[in-house]
Amino acid sequence: MSIALEHINYVYSPGTAYEKQALKDVSLVIPQGQFVGIIGHTGSGKSTLIQHLNGLVRAASGRLLYEGKNIYEEGYDMRWLRSQVGLVFQYPEHQLFEVDVLSDVCFGPKNQGLTQEECEERAKEALALVGFPEKYYRQSPFELSGGQKRRVAIAGVLAMRPKVLVLDEPTAGLDPKGRDEILDQVERLHKETGMTVILVSHSMEDVARYVERIIVMNRGEKMLDGAPREVFRHCKELEKVGLAAPQVTYVMHDLKERGFDLSPDATTIEEAADEIMRSLS
Amino acid sequence: MEMIHAEKLIYEYDRRDEDGNIVGTNRAIDGVDIDIPQGSFVAVLGHNGSGKSTLAKHMNAILVPTGGTMWVDGRDTKDPAELWNVRQTAGMVFQNPDNQIIGTVVEEDVGFGPENLGVPTEEIWKRVEDSLRSVGMIEYRKASPNKLSGGQKQRVAIAGVIAMEPKCIVLDEPTAMLDPNGRKEVIRAVEKLRKEKKVTVILITHYMEEVIDADQVFVMDGGHIVMHGTPREIFSRVEELKSYRMDVPQVTMLAEELRRRGLEIPGGILRREELVEALCRLR
């Protein structure tokens with residue numbers, strides 16, 4: 001029950017002047033149930049990487065195993081794969097189109113061939129999972145706030161009951177409260193359903209707070225892979241590739257330099273506060 | 001001298017059903033008074049739908065008030081005869097860099113604005129060079145904009161505005177779609193413009209870290225200005241900010257948490273160095 005990438009390579013526009021290797025020999029295993037963050041600057045290959053996960057983009061070479069089966073093998077059921085690995089794109093609310101919220105969320109399961117009744121049952125379940133209020137089910141999705149629209153769009157993917165949920169910058173453009181709400185909801189979802197969640201984000205603070213493992217992409221290659229505190233220990237290297245550690249990690253490094261007896265690995269406010277209190281007592 | 005001055009500003013628009021019938025009115029801006037002095041750096045915060053973008057669009061007369069008055073450099077934006085003067089005074093940069101770039105070569109794109117103003121050719125080239133230099137994009141002058149990163153594109157968009165030599169530049173969430181590096185590039189370019197060209201800067205953003213150098217911060221909610229002060233004043237009111245769906249920089253949050261746990265640390269800490277100094281004093 002996992003996704004395994006083995007030596008994946010991907011090249012854009014091969015054989016033309018615009019040829020660009022977007023992924024270089026990427027190998028990794030994501031076990032079922034993990035909460036993973038993928039970070040990297042624009043053009044680092046992270047979006048290309050996640051588009052491989054449900055077969056939207058086909059690797060030039062290498063193997064991608066979903067639950068042990070190579071998805072590039074002839075006759076592999078891609079439709080099924082896409083119902084298992086749900087991909088939520090950036091600004092997913094741009095893809096809303098139905099007359100009301102419930103019908104929009106029903107669209108996915110309807111395409112899976114389920115009956116109207118089953119579709120609605122799943123849609124309601126998905127909307128409940130993202131914390132969308134029932135009284136707006138019959139409202140036009142276009143009249144909702146940005147944060148609510150995004151919930152509906154995520155519910156649209158959840159209604160297909162995927163085992164893996166991939167979110168490409170789900171908080172882009174939302175206000176701070178909206179960001180927290182969406183991510184708290186995703187975290188709850190992960191806990192309640194045991195779903196694998198793969199979160200692509202530009203916010204180091206968010207990644208540090210929610211995920212158990214971070215994969216850092218740079219120039220199409222996997223640069224770092226580990227728990228947040230291990231990855232952010234490399235803050236100098238991260239800066240070189242246009243990333244950074246969370247602000248609190250820098251505070252901890254500064255304090256250590258100033259002679260505080262503490263471990264500078266904290267990546268969240270809670271961890272940092274605990275460590276500072278300990279060192280001062 | 002005030003660059004932007006608004007009195008009892010109101011903006012209402014009609015809500016319509018599918019057939020275009022008016023079903024009600026929404027008030028996006030509700031009685032806003034605001035004063036922005038020439039040469040200052042002002043940040044506007046507010047959640048999605050708080051009215052901050054609508055307010056920004058009044059600053060270069062994309063929208064005109066339905067009540068009250070907005071003056072830009074002393075010009076009433078409601079006066080049709082002043083429209084082009086207002087737009088030339090206050091330039092705007094929007095969120096999505098891809099919607100703002102029209103040229104096929106960077107320098108062409110930057111020259112588009114001054115060309116439309118009827119600036120003589122030689123002067124256009126001078127301005128193009130000058131503005132690309134000030135945003136650190138001069139080495140890309142012959143590049144194709146679609147080969148640039150988000151941060152680079154956004155800096156080209158800013159150069160395009162600067163080339164029109166506005167007295168004031170309004171940036172409506174210019175970093176929302178950028179990665180951390182792109183965000184830093186854009187904020188640095190804006191800082192430099194303010195220092196070197198003395199341009200009035202109005203920055204609308206959701207990123208708290210970007211406003212700590214502002215002279216004044218305004219927080220909007222429900223079409224009103226609900227908080228106003230220096231960054232230090234604003235960010236020391238953590239609970240109030242949170243009630244408006246805003247946040248504080250992570251360093252400020254950590255300082256607050258340590259205070260809550262009993263450490264004697266001053267309120268409104270904004271920068272890493274300040275927190276480190278405060279903690280060193282406690283040892």
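What you see is a predicted model, and the numbers here were worked out from it, not measured in a lab.

So, how was this worked out
Residues numbered from 1 in each chain as written. Chains lettered and ligands numbered in written order. Predicted model: local features only at pLDDT ≥ 70, side-chain atom pairs only at ≥ 80, totals over all residues. Helix = DSSP H or I, 4+ residues; strand = E, 2+ residues; numbered from the N terminus. Rg over C-alpha atoms; globule rule 2.2 N^0.38 Å. Buried ≥ 20, exposed ≤ 12 C-beta atoms within 10 Å, placed from the backbone. Contact = placed C-beta atoms within 7 Å. Nonpolar A, V, L, I, M, F, W, Y, C, P; charged D, E, K, R; others polar. Core = buried A, V, L, I, M, F, W, Y, C linked by C-beta atoms within 7 Å. Pairing = 2+ DSSP bridges. Axes fitted to C-alpha atoms, helices over the stretch in contact; angles between N-to-C directions. Parallel < 35°, antiparallel > 145°, perpendicular 65-115°, else oblique. Left-handed = near helix turned anticlockwise from the far one by under 90°. pLDDT = per-residue confidence, 0-100.

**Q** Mind laying out the overall build of chain A, listing which residues take part and the relevant values?
**A** Secondary structure assignment for chain A yields 11 helices and 10 strands. Taken over the C-alpha trace, chain A has a radius of gyration of 20 Å; the compact-globule value for 281 residues is 19 Å, and the two agree within 12%. Projecting the C-alpha coordinates of chain A onto the three principal axes gives extents of approximately 65 × 50 × 35 Å. Relative to its 281 residues, chain A shows a buried fraction of 46%. Looking at chain A alone, contacts between residues at least 24 apart form 62% of all its contacts between residues at least 6 apart.

**Q** Break down the interface of chain A and chain B for me, with residues and values.
**A** Often the size quoted for an interface is simply the accessible area lost on bringing the parts together. Counting residues at the interface gives 32 residues for chain A, matched by 30 residues for chain B. For the side of chain A that touches chain B, the secondary-structure elements that each account for two or more residues are helix 5 (146-158), helix 6 (176-193), helix 10 (247-257) and helix 11 (269-280) of chain A. Looking at the side of chain A that touches chain B residue by residue, the classes come out as 16 nonpolar, 11 polar and five charged.

**Q** Lay out the nonpolar core with the relevant residues and their values.
**A** If you look at the biggest cluster of nonpolar residues, it comprises 91 residues, and the most contacted ones within it are A:Val251, A:Ala272, B:Val44, B:Ala159, B:Val170, B:Ile202 and B:Leu254. Examining the composition of this core, we find that six residues originate from one element, helix 5 (residues 150-162) of chain B, more than from any other. With sequence-adjacent residues up to four places away left out, B:Val44 is seen in contact with B:Lys52, B:Leu55, B:Ile202, B:Ile204, B:Phe218 and B:Met220. Formed by 66 residues, the second largest nonpolar core is a distinct cluster that contains A:Ile38, A:Ile39, A:Val101 and A:Leu167.

**Q** For the pairing of strand 1 (residues 2-12) of chain A, give the residues involved together with the corresponding values.
**A** Residues and elements named next belong to chain A. In this sheet, strand 2 (residues 20-31) lies alongside strand 1 in antiparallel orientation, the contact comprising eight bridges. Looking at strand 2, one finds that Val-11 is bridged to Gln-21. Across five bridges, strand 1 lies against strand 4 (residues 61-66) in antiparallel orientation. Paired with Ile-3 across the two strands is Tyr-66, which belongs to strand 4.

**Q** Hey, could you go over the sheet that holds strand 3 (residues 41-46) of chain B for me, with residue numbers and the actual values?
**A** Residues and elements named next belong to chain B. With mixed pairing, the six strands of this open sheet are ordered in space as 6-7-8-3-9-10. At either end of the open sheet lies a strand with only one pairing partner, and these are strand 6 (90-93) and strand 10 (224-229). Each adjacent strand pair in this sheet contributes to an overall mean axis angle of 20 degrees, direction not counted. The sheet contact formed by strand 9 (residues 216-221) and strand 10 spans five bridges and is antiparallel. Looking across to strand 10, one finds that Val-217 is bridged to Gly-229. Running over the sheet, helix 5 touches strand 6 and strand 7 (168-172) and is turned about 165 degrees from strand 6.

**Q** Lay out the packing of helix 11 of chain A against helix 9 (residues 250-260) of chain B with the relevant residues and their values.
**A** As a packed pair, helix 11 of chain A and helix 9 of chain B sit with axes 10 Å apart at the nearest point and diverge in direction by 45 degrees. Taken together, the axis directions place helix 11 of chain A and helix 9 of chain B in an arrangement best described as oblique. Remark: the crossing between helix 11 of chain A and helix 9 of chain B carries right-handed chirality. Along the contact surface, helix 11 of chain A presents A:Ile269, A:Ala272, A:Ala273 and A:Ile276, while helix 9 of chain B presents B:Gln250, B:Met253, B:Leu254, B:Glu257 and B:Leu258. Split into classes, the residues belonging to the contact of helix 11 of chain A with helix 9 of chain B amount to seven nonpolar, one polar and one charged.

**Q** Can you tell me about the confidence of the model for chain B, naming the residues and giving the values?
**A** Chain-level pLDDT for chain B is 91 on average; 100% of the residues reach the 70-or-more range. Across the interfaces of the predicted complex, the ipTM metric reaches 0.82, alongside a pTM of 0.85.

**Q** Report on the sheet that holds strand 1 of chain A, specifying residues and quantitative values.
**A** Residues and elements named next belong to chain A. Strands sit in the order 2-1-4-5 across an open sheet of four strands; the sheet is antiparallel. Edge positions in the sheet fall to strand 2 and strand 5 (69-70), since each of these pairs with one other strand and no more. With respect to the sheet, helix 1 (residues 46-53) is in contact with strand 1, strand 2 and strand 4, its orientation differing from that of strand 2 by roughly 55 degrees.

**Q** Got a sec to walk through the environment of A:Gly86? Specific residues and values, please.
**A** Residue and element names in this part refer to chain A. Positionally, Gly-86 belongs in strand 6 (residues 85-88). As for Gly-86 and Met-160, which are separated by 74 residues in sequence, their C-alpha atoms are 7.8 Å apart. Once residues within four sequence positions are removed from consideration, Gly-86 is found in contact with Val-157, Leu-158, Met-160, Pro-162, Val-164, Leu-165 and Val-166.

**Q** Quick one: what's the story with unusual backbone geometry, residue by residue and with numbers?
**A** Residues and elements named next belong to chain A. Positive phi is not limited to glycine here, since His-7 has a value of about 50 degrees. Residue placement: His-7 occurs in strand 1. On the basis of neighbour count, His-7 is assigned to the exposed category, with 12 C-beta atoms found within 10 Å. If you check the backbone angles, Tyr-91 has positive phi at about 45 degrees while not being a glycine.

**Q** Tell me what's going on with the pairing of strand 6 of chain B, and back it up with residues and numbers.
**A** All names here are of chain B. With burial as the criterion, each face of strand 6 is covered, one bearing Ala-90 and Met-92 and the other bearing Gly-91 and Val-93. One ladder, built from four bridges, connects strand 6 with strand 7; its direction is parallel. Each bridged residue has a counterpart across the sheet, and for Met-92 the counterpart in strand 7 is Val-170.

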